[in-house]
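Summary of structural features
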Amino acid sequence: MQSPRVVALCVVMLMASACAPGSGSGGKHRLSIATGGTGGVFYPYGGGIAKVITDSLPNVEATAEVTAASIDNLKFIKQGTSDLAFTMSDAAQDAVLARDEFKDFGAIPLRTLAVLYSSYTHLVTLADSGITDVAQLKGHVISMGAAGSGTATLGYRILEAAGLNTKSDIRTQSLGVAQSVDALKDGKIDAFFWNGGLPTASVLDLVNTPRTYARFIATDSMLPQLEKAYGPSLYYKAIIPKGMYQQDTDIPVVGVAVLLVVSETMPEDLAHDITRVLFEKQPELATIHPQAKVLSIKTATTGSPIPFHPGAIRYYRDQHAWTN
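Every value quoted in this text rests on a predicted model; they were computed, and no experiment measured them. (Residues numbered from 1 in each chain as written. Predicted model: local features only at pLDDT ≥ 70, side-chain atom pairs only at ≥ 80, totals over all residues. Heavy atoms only, no water.)

Describing the overall build of the protein
- Looking only at helices and strands, the protein features eleven helices and ten strands.
- Since a compact globule built from 324 residues should have a radius of gyration of about 20 Å, the 19 Å found for the protein is in line with a globular shape.
- Along the longest, intermediate and shortest principal axes, the C-alpha atoms of the protein span 60 × 50 × 40 Å.
- Residue pairs at least 24 apart in sequence account for 73% of intrachain contacts in the protein once pairs closer than 6 positions are excluded.
- For the protein, the exposed area adds up to about 13,700 Å²; of that, 52% sits on carbon and sulfur atoms.
- Between the centroid of the 26 positive side chains of the protein and the centroid of its 29 negative side chains there is a distance of 1 Å. (Helix = DSSP H or I, 4+ residues; strand = E, 2+ residues; numbered from the N terminus. Rg over C-alpha atoms; globule rule 2.2 N^0.38 Å. Contact = heavy atoms within 4.5 Å. Areas by Shrake-Rupley, 256 points an atom, 1.4 Å probe, with all protein chains shown as cover. Lys, Arg positive; Asp, Glu negative; His and termini not counted. Charge placed at Lys NZ, Arg CZ, Asp CG, Glu CD.)

Right, here's the structure in full:
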């Protein structure tokens, strides 16, 4: 019997294949954008990108698909069932190098269109849990994020950086952010990891729940070990600012860049035009999700550990923004 994750993966692949390039009638070029769960940032942001592509490029129709996020998204790119994908940069690097989750799957020839924003590690518990740092997760039930997500990859790396044995020191569940919030409210888990932009709708739901008091755990102290294991530039310190989730202080956490990626086989002109539309329609994207407010041509070329697509490079050069 297939696992729920495999069944979900197949469903999404079937949805995406219906939107593969060239599959439309009347000469429509159909694009599938692999995003994430409905409770996070990837999906609404991806829906915005799909809208501006469809509205701006003649004979192109784009659709945002719900997925488990980064890792599965990149596999869809290789399988040809998605054309664009949201991903955290560490997952993209692993995919290009055929490392960790991609060791058996094989290398994926990805190219970046743009660095979109910083993703923030949310490690969330309840105020009365007694958990105040990563090491105190020992002995607890933790949701690591949906299987196939970049949240899970980075969550396990943070636990290992804290010296925890992820097989024996904790009990884990694999829940998306919305499901993690519900499980925390119901007392089924003690804490959860979520890696996403600000604000994340499901986390807002948690802190706005009456008589529920969330605590956000700082993770920046794990950076020296992460940098030692994965290099000095992949992970960095980021701040969840005071008041973002009604908390009284800034929360320093592990940050990682979010990329919009495609296959290296995407035609150069199409990659160029998609990149152009991102920046020409940035104000419209910002009205769809606030995380798009930080999209900037000045920062879009910084922070990708994998090569950029030649079409994107051409656009950035035209805008005098390519210094690599």
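Structure's up, so let's keep going.
Thoughts on helix H11 (residues 310-318)
- Listed in full, the buried residues belonging to H11 are Gly-311, Ala-312, Ile-313, Tyr-315 and Tyr-316.
- Against the buried residues of H11 lie strand E4 (110-126) and helix H9 (268-280). (Buried < 20%, exposed > 50% of the residue type's maximum accessible area, 1.4 Å probe, protein only.)

A short note on the environment of Ile-71
- Mapped onto the secondary structure, Ile-71 falls in helix H3 (residues 70-79).
- A relative accessible area of 2% places Ile-71 in the buried class.
- Sequence-wise, Ile-71 and Phe-86 are 15 residues apart; in three dimensions their C-alpha atoms are separated by 9.6 Å.
- In this structure Ile-71 touches Ala-91, Glu-101, Phe-102, Gly-148, Ser-149, Gly-150 and Thr-153, once residues within four positions along its chain are discounted.

What about the packing of aromatic side chains?
- Tallied over the full model, the rule gives eleven aromatic pairs.
- When the ring of Tyr-45 is compared with that of Tyr-117, the centres are 5.8 Å apart and the planes differ by 10°; the resulting orientation is stacked. Remark: Tyr-117 occurs in strand E4 and Tyr-45 occurs in helix H2 (residues 42-56); sequence separation between them is 72 residues. Per residue, the accessibility class of Tyr-45 equals that of Tyr-117, and both read buried.
- Between Phe-279 and Tyr-315, the aromatic rings sit 5.9 Å apart at their centres with planes inclined by 10°, giving stacked as the arrangement. You can see Phe-279 sitting in helix H9 and its partner Tyr-315 sitting in helix H11, a full 36 residues away along the chain. We note that Phe-279, like Tyr-315, is buried.
- Site record: aromatic cluster; members linked through ring pairs are Phe-279, Phe-308, Tyr-315, Tyr-316 and Trp-322.
- For Lys-75, the ring lying beneath its charged end belongs to Phe-102, and the centroid distance is 5.9 Å.
- For Arg-157, the ring lying beneath its charged end belongs to Tyr-230, and the centroid distance is 4.0 Å. (Phe/Tyr/Trp six-rings, centres within 6.5 Å; stacked < 30°, edge-to-face > 60°. Lys NZ or Arg CZ within 6 Å of the ring centre and 35° of its normal.)

So, the nonpolar core
- Counting residues in hydrophobic clusters, the biggest one holds 82 residues, and the most contacted among them are Tyr-45, Leu-74, Leu-137 and Tyr-316.
- The element that contributes the greatest number of residues to this core is strand E10 (residues 251-263), accounting for eight residues.
- Sequence-distant contacts of Tyr-316, defined by excluding residues within four places in its chain, comprise Leu-113, Ala-114, Thr-275, Phe-279, Ile-297, Ala-300, Thr-301, Phe-308, Ala-321 and Trp-322.
- Counting 21 residues, the second largest nonpolar core, distinct from the first, contains Ala-183, Ala-238, Ile-240 and Ile-251. (Core = buried A, V, L, I, M, F, W, Y, C linked by side-chain atoms within 4.5 Å.)

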